[in-house]
Structure formats: structure tokens, C-alpha cells
Amino acid sequence: MTVSIQTRGNIAIVTIDNPPVNAASHAVRLGLQNALHQTSQDDAVQAVVLHCAGRTFIAGADITEFGTPSQDPSLPDLLTQIETASKPWVAAIHGTALGGGLETALVCHYRITDRATKLGLPEVNLGLIPGAGGTVRLPRLIAPEHALEMIAGGKPVAATRALELGLIDQIAEGDLLEDAIALAQASGARPIPLPLIERPVVALSSQDKWDGMIRKVKAKARGQNSPIAAIKALENALELGAPAALVAERALFLELRDSDQSKALRHIFFAERATAQVGRIKGVAAAPLSHIGVVGGGTMGAGIAAACLLAGYRVTLIERNEEAADTGRDRVHVTLDQSRKRGVITLAAHLQAVESFQVSTSYAALSDADLVIEAVFEDMQVKIDVLTALEAEMRPETILATNTSYLDINEMAAATQRPSRVIGLHFFSPAHIMKLLEIVVTDSVDDQTTATAFAFAKRLKKIAVRAKVGEGFIANRIMSAYRREAEYMLEDGAMPWDIDAAMRDFGFPMGIFEMQDLAGLDISWAMRKRLSATRDPDQRYVDIGDKLCESGHFGRKTGRGYYDYTEDGRAHHSAETSALIKDESQRKGITRAHISDKIIMARILDRIRSEAAALLDQGIARCADDIDVVMVNAFGFPRWTGGPMFYQSRPG
Ligand code: T1G
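What counts, and at which threshold
Residues numbered from 1 in each chain as written. Predicted model: local features only at pLDDT ≥ 70, side-chain atom pairs only at ≥ 80, totals over all residues. Heavy atoms only, no water. Salt bridge = Lys/Arg side-chain N within 4 Å of Asp/Glu carboxyl O. Helix = DSSP H or I, 4+ residues; strand = E, 2+ residues; numbered from the N terminus. Buried < 20%, exposed > 50% of the residue type's maximum accessible area, 1.4 Å probe, protein only. Near = heavy atom within 4 Å. Polar contact = N/O pair within 3.5 Å; in protein donor to acceptor, adjacent residues only side chain to side chain. Areas by Shrake-Rupley, 256 points an atom, 1.4 Å probe, with all protein chains shown as cover. Patch = residues over 30% accessible without salt bridge, like charges linked within 9 Å, V, L, I, M, F, W, Y side chains within 5 Å. Lys, Arg positive; Asp, Glu negative; His and termini not counted. Charge placed at Lys NZ, Arg CZ, Asp CG, Glu CD. Pairing = 2+ DSSP bridges.

(A) Examining the pattern of salt bridges more closely. Counted by the stated rule, this structure contains 36 salt bridges. Between Arg540 and Glu491 there is a salt bridge, with the nearest N and O atoms lying 3.0 Å from each other. With Arg540 in the loop between α21 (521-531) and α22 (544-550) and Glu491 in helix α18 (residues 475-492), this residue pair connects regions lying 49 residues apart in the sequence. Taking the relative accessible area as the measure of exposure, Glu491 reaches 0% and is therefore buried.

See the structure below:
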């Protein structure tokens with residue numbers, strides 16, 4: 001049953017069982033309403049414990065119901081009924097109480113969690129605001145400043161933080177359900193707490209601090225509407241009475257729910273989860289992984305090793321000599337230290353990771369590795385030499401992965417004795433932070449290797465997107481295409497800062513030239529030199545980037561690239577770059593003309609879409625949704641557009 005009731009003495013235990021995340025679907029809402037009626041009318045029941053089966057408390061409204069006709073009871077109405085129940089309700093919370101899940105917990109009279117629980121109102125990430133009273137009840141329980149952080153920021157808080165804030169009453173020391181039952185029994189002896197909706201809002205600690213927070217939220221929104229709506233809803237909660245604020249919240253929520261941005265954000269939410277379907281191959285189980293080898297302790301290799309350690313794997317990092325091994329080890333330890341300082345891992349997990357990490361200069365240390373990832377210099381022969389040398393030391397079933405960002409993995413696989421166990425795992429730098437992982441499948445890879453790669457990605461909490469072998473796979477190939485288009489526009493009449501400004505205004509975190517200066521111009525310069533022999537002579541070629549590099553201007557790291565950089569890293573328009581660009585236009589016989597922001601973005605978007613179409617035609621990308629996921633997660637294509645493919649499909 002979706003919602004069932006058991007009794008323990010005079011305590012009713014209401015259990016929701018709606019896998020996978022106990023979303024507040026219509027069946028759940030109906031079941032809860034029945035449970036409310038049944039427990040209210042049963043004189044033997046003194047109090048109610050609400051908890052969920054499976055891995056989590058209610059993780060929100062059922063997003064799949066959006067866009068379908070609403071069915072009573074609506075969540076807001078149901079929650080008001082629970083809040084005014086004649087008997088106390090205790091929410092026993094585990095996993096993640098999110099969105100409508102936390103809103104349900106807020107109408108319960110007490111809230112108890114286990115230590116690992118997270119609680120949040122992430123609706124802004126879906127282009128929404130809480131729509132079942134969260135913006136009105138939360139600032140009546142915790143300080144409005146913290147309510148604003150949770151609602152406009154959309155990030156969950158850990159149980160310990162929730163207790164500090166006053167969001168929950170207790171963290172269970174023993175079994176959550178048992179402790180919740182004890183709390184329910186104790187509640188019977190006390191007057192039922194005043195519903196949040198009848199309490200005053202918690203006073204602001206400082207109007208200046210509040211105003212400052214509002215300014216920060218607005219600055220960070222960068223074109224997304226929901227954080228701005230979250231501010232409005234909270235201001236309503238502070239200024240209007242609760243009933244009027246609830247009505248205003250619902251109106252704002254419904255307006256957002258039907259908005260293009262929310263449809264786009266819900267699209268990308270589901271698209272990011274659908275990419276993993278590739279790894280769910282009927283009848284094929286992923287191979288067990290516990291010992292991961294990483295060859296190469298440079299930035300990428302160390303980042304990959306750290307990502308695997310943070311996911312709880314045993315890791316051996318291989319370098320060619322002691323000095324390089326020491327450097328690689330240090331890089332990994334710095335990353336683990338930073339992760340702990342940022343609260344990504346606990347001290348215990350940090351110590352465990354250090355225990356699970358070793359460095360060696362001998363491939364023999366990988367003899368029992370289950371998966372080995374090479375992240376050595378981007379040269380085909382170097383990589384083939386590494387893979388074939390590795391083979392001599394490893395079990396025949398061990399999977400060999402390459403982190404190459406554009407070399408032909410079919411060629412690498414063919415050079416080994418185990419082509420079916422060779423796959424591409426293309427991480428994005430920094431590898432322990434960037435969510436995207438391109439899983440590049442070769443013509444010879446077997447299903448178990450593919451399934452294992454996707455299971456590995458899930459354990460690393462990566463968004464894994466399948467790509468076939470092809471220059472630049474998906475992300476870098478599309479980026480190279482719109483980088484070229486942006487370079488054409490430099491010759492045609494724009495300056496780097498014009499193009500970057502247009503991209504930022506569209507919603508990118510930074511423009512293509514700022515990004516290249518940050519990454520280092522020498523990286524794409526090396527690739528252009530590698531490809532020069534095979535470049536189509538008829539294809540327009542812009543020399544500006546090469547000329548900057550030939551003068552040693554590689555971007556931020558050399559103090560000059562497309563921009564000039566001050567000692568403290570501030571970017572300035574560069575007169576020399578401007579002169580170089582004008583000289584190039586003249587040398588090419590191009591009459592420069594102003595290019596508007598609108599045209600700049602139209603040319604960039606057209607280029608992205610035409611490259612995406614080619615990737616789909618060639619089967620290198622599986623579907624348009626995967627391309628949206630790649631572009632949003634690799635290069636910050638504004639998430640609230642849904643990605644370039646969804647954005648172009650919108651009406652009007
Ligand atoms: N509704 C429907 N399906 C959902 C869902 C939801 N809210 N959340 C997850 N799923 C599906 C997901 O598509 C996937 O399906 C499976 O569950 C596992 O998800 C009124 C209006 C809870 C942290 O925004 O953040 O409440 O691919 O792969 O990595 O104010 O899911 O297996 O078929 O992500 O362990 C607010 C969204 C909704 C939370 C679990 N709530 N979910 O992460 O598993 S709006 C959210 C998550 C709302 C109220 C408003 C995560 C998770 P499939 P998963 P996970």
C-alpha cells in the first residue's frame with residue numbers, strides 16, 4: 001500500500017511507500033488524507049508518527065504530475081489539514097526531505113531525523129518556489145535570513161545544521177522510528193504546539209544584512225526568475241498576514257510552474273537522469289570495482305584519483321619516477337584536504353581516503369586493479385605504450401580506460417590484447433568537481449565494460465553521457481565549433497569583450513574568450529597545430545589565437561591573452577589585442593562592421609545547433625537531450641534554458 005497505518009500502543013505509525021523517492025503523488029496525498037481522518041477519529045490514538053519506507057522521506061511533489069490536471073487533495077490543502085489535526089504528528093525523517101517533503105514535515109508538530117538526513121527546499125532549481133506553504137511557514141520556524149538562504153539558494157542543510165537552526169527538534173541517537181515513537185508518546189503529555197501558520201515570523205536580525213542578502217541573490221540569479229520570485233514570496237511572508245501570504249505564494253508558484261524556465265529546468269532535471277539509461281543493459285551486470293589504478297599524476301590524473309578516493313575506492317596512482325610520484329601524491333592530498341575543509345567529506349572519510357591511497361612507479365602495483373584509467377600526455381603513441389605495458393601486469397578482465405579528450409580510442413583499443421575492455425572516461429577539469437563525464441564507447445567495447453563504466457560514474461556522483469569516438473567527442477567538438485564562429489566575428493568586427501559580454505548577458509557564467517584565457521590559449525593552439533596538416537584548406541581559418549600564442553600570450557597564466565591581466569588577476573580590454581585583431585581584418589581584406597549582441601548570440605547558437613545536428617547524424621551523440629546535458633554541465637549553457645536543443649524547440 002502507498003500509505004499504511006500500524007499502531008504501537010496509543011501511537012499510530014503512518015508509513016508512505018512510494019518508490020523510488022516517496023514523491024508526494026496523488027496516491028500518497030489520498031493515502032495521507034485517509035490516514036489523517038482515520039487517526040483523528042480513533043480515540044485510542046494519542047499521537048501519529050509519519051515516516052517513509054525505502055531510502056528517503058518524501059523527496060518532493062511528484063514532478064511527473066506537473067503539466068497534468070491537478071487532482072485533489074492538493075498538497076497545500078492536505079498540509080493545512082494535517083497542521084490543524086487534533087493530535088500531534090511527528091515527522092520521522094531520513095534520507096532527503098526536499099520540497100514538498102520538507103513542507104510536509106513543517107506542518108507536523110515535531111520533526112526528528114537521523115544523523116545523515118538532509119533537508120531542503122530546492123524548488124528554485126526547477127524554476128519554482130515552494131508551493132505548499134514553505135515560504136510562509138519556514139520563516140516562522142527559523143530566522144528569515146536562513147529561510148532565504150534555503151529557499152533562494154535551493155541547497156539542502158545537514159541534520160546537525162537543521163538542529164542548530166531550529167528546523168528540527170531532535171536527531172535520533174538510536175533507531176529513528178523508535179526514537180520518533182518515544183517523542184510521540186512524550187508529546188501526549190504536552191499541549192499540542194501552535195501551528196507554524198499561527199505564529200509570528202521570526203524577527204530579522206538586521207535589515208541591512210537582509211538587504212545585502214537580497215542584493216546577492218539578485219546578482220547571482222543571472223537571468224533565472226525563480227530566485228527573484230523566492231525573494232518576493234519571503235517579503236510577502238514578512239509583510240502580509242499568513243493567509244494572504246499563502247495565497248500570494250500559490251499564485252507565484254502556479255505562474256512559475258507554467259513558465260518556460262521551469263519547463264526547461266524540469267526538462268534538464270530528467271534529461272540528466274535519463275543519460276544513465278545507456279548503462280542499464282538488460283541482463284548485463286556491472287563488474288565489481290574496488291581497486292582503481294590511475295596512470296599519470298598531473299592535474300587530470302590527480303583529480304581523477306581524488307574523485308575515486310572521495311567515492312570510497314582504493315586507489316593506486318602510478319608515475320614514471322619517484323619525483324613525479326611525490327608531486328602526484330601531494331596534488332591528491334591537497335585536494336582531499338580542500339574537500340574536507342569545504343565539508344564535502346567528514347574527517348573520518350578523509351582519513352579513510354588517505355588509508356586507501358598509494359602511489360607507485362611500477363605497473364605491478366596494479367596487478368589486482370579492477371579498472372585502470374590512463375591520464376598521461378595527450379599523444380597517441382605515448383598512450384598506446386602505456387596501455388600495452390599495463391596489460392602485461394593486469395588480469396585479462398581488468399578494464400582499461402583512457403581520459404583522452406580527443407584522440408581515437410578505437411585505435412588505442414586495437415593496439416591492446418583486450419579491445420573489448422577498453423573504454424573512454426573523459427573527465428572535465430577539475431575532475432573531482434565537474435559533474436560531467438563523457439563515457440566514450442568504442443566499436444569493440446563489450447556490454448559489461450559499458451555497464452561498469454556507468455556504474456562507476458554513478459558512484460562518483462557524475463552525470464555520465466555516452467559518446468561515440470569522434471574528434472572532441474561531444475562537448476569539445478561543439479565548443480570548438482562555436483569558438484571558431486566567435487573568432488570569425490573578431491575578424492568581422494567584434495572584439496573579445498563584445499562577444500563575452502553578449503554570452504554573459506545570455507546567461508553563460510563567462511564568455512568564450514574569458515574561458516580560453518582562463519584555461520590557457522596554448523591548449524587549443526597545440527590542438528590546432530596537431531590538426532594543421534589535415535585541416536581543410538577551404539575552411540576559413542583565423543590566426544589571431546595563434547599570433548597571441550606565438551608572442552607567448554597564453555592568457556591569465558602569462559598575464560596576457562585576449563585580455564590584459566593586472567597583478568591581482570583583474571581583466572582589462574587589451575589595446576594590443578585590439579590592434580592585432582584590426583590588423584588581421586585588414587590583412588584579410590575584411591571591412592569591419594558592428595555586430596549586435598543579438599547577432600553574436602544568433603551566430604553562436606546556430607553554430608552549436610549545426611554541430612549538434614552533425615553529432616546526432618553521425619551517432620556520436622545518442623539524442624538531443626544528451627547534448628543539452630553536456631552543454632549545461634560542461635560549459636555553463638544557462639540551465640534555465642534547458643540547453644541549446646530544448647531552447648531552440650521552444651515555441652515562439
Ligand atoms: N518527482 C518525481 N520523480 C522524482 C523526483 C520527484 N520529485 N525526484 C526524483 N525522482 C526520480 C528521478 O527522476 C529518478 O527516476 C529517481 O527518482 C531517482 O532519482 C510543492 C512543488 C531525491 C536527491 O526537487 O534531488 O516539491 O531515472 O536518480 O541521485 O513546493 O532525485 O530512476 O526513473 O536523482 O539518489 C522538489 C528532486 C520537487 C527533489 C535523489 N524536490 N530530486 O537523488 O536519485 S517540487 C526536488 C532529487 C516540490 C513543492 C514543490 C533527487 C534525490 P529514474 P535520482 P538520487
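There is more to say, and it comes next.
(B) Structural detail: the site of the ligand. Taken together, 27 residues form the shell around the ligand, and within it Arg55, Ala61, Glu103, Glu123 and Arg273 come nearest. Glu103 places a polar side-chain atom, nitrogen or oxygen, 2.6 Å from an oxygen atom of the ligand. Protein contacts shield 76% of the accessible area of the ligand, which totals 990 Å² for the unbound molecule. Sorting the residues of the shell around the ligand by element identifies β5 (96-98), α3 (100-107) and α11 (260-274) as the ones contributing at least two each.

(C) Structural view of a positive patch on the surface. Where like charges cluster on the molecular surface, the positive patch consists of Arg55, Arg273, Arg280, Lys435, Lys458 and Lys461. With respect to the secondary-structure elements, Arg280 resides in the loop between α11 and β10 (291-295).

(D) Representation of the sheet that holds strand β9 (residues 170-171). Here six strands make up an open sheet; going across it, the order is β1-β2-β3-β4-β6-β9 and the pairing mixed. Where the open sheet ends on each side, the last strands, each with one partner, are β1 (3-8) and β9. Here β1 pairs with strand β2 (residues 11-16) via six bridges, running antiparallel. For Thr7, the partnering residue across the bridge sits in β2 and is Ala12.

(E) Expanded view of unusual backbone geometry. The amide bond that connects Pro19 to the next residue, Pro20, takes the cis arrangement and shows omega of 5 degrees. When you line up the elements, Pro20 lands in the loop between β2 and α1 (26-41). Following Asp72, the chain continues to Pro73 via a peptide bond in cis, the omega torsion being -5 degrees. Tracing the backbone through its elements, the reader meets Pro73 in the loop between β3 (47-52) and α2 (75-83). Of note, Arg222 is a non-glycine position whose phi angle comes to about 45 degrees, a positive value. With respect to the element layout, Arg222 can be found in the loop between α8 (207-221) and α9 (226-239). Relative accessible area serves as the criterion here: at 42%, Arg222 is assigned to the partly exposed category. One non-glycine residue, Phe473, lies in positive phi territory at about 50 degrees.

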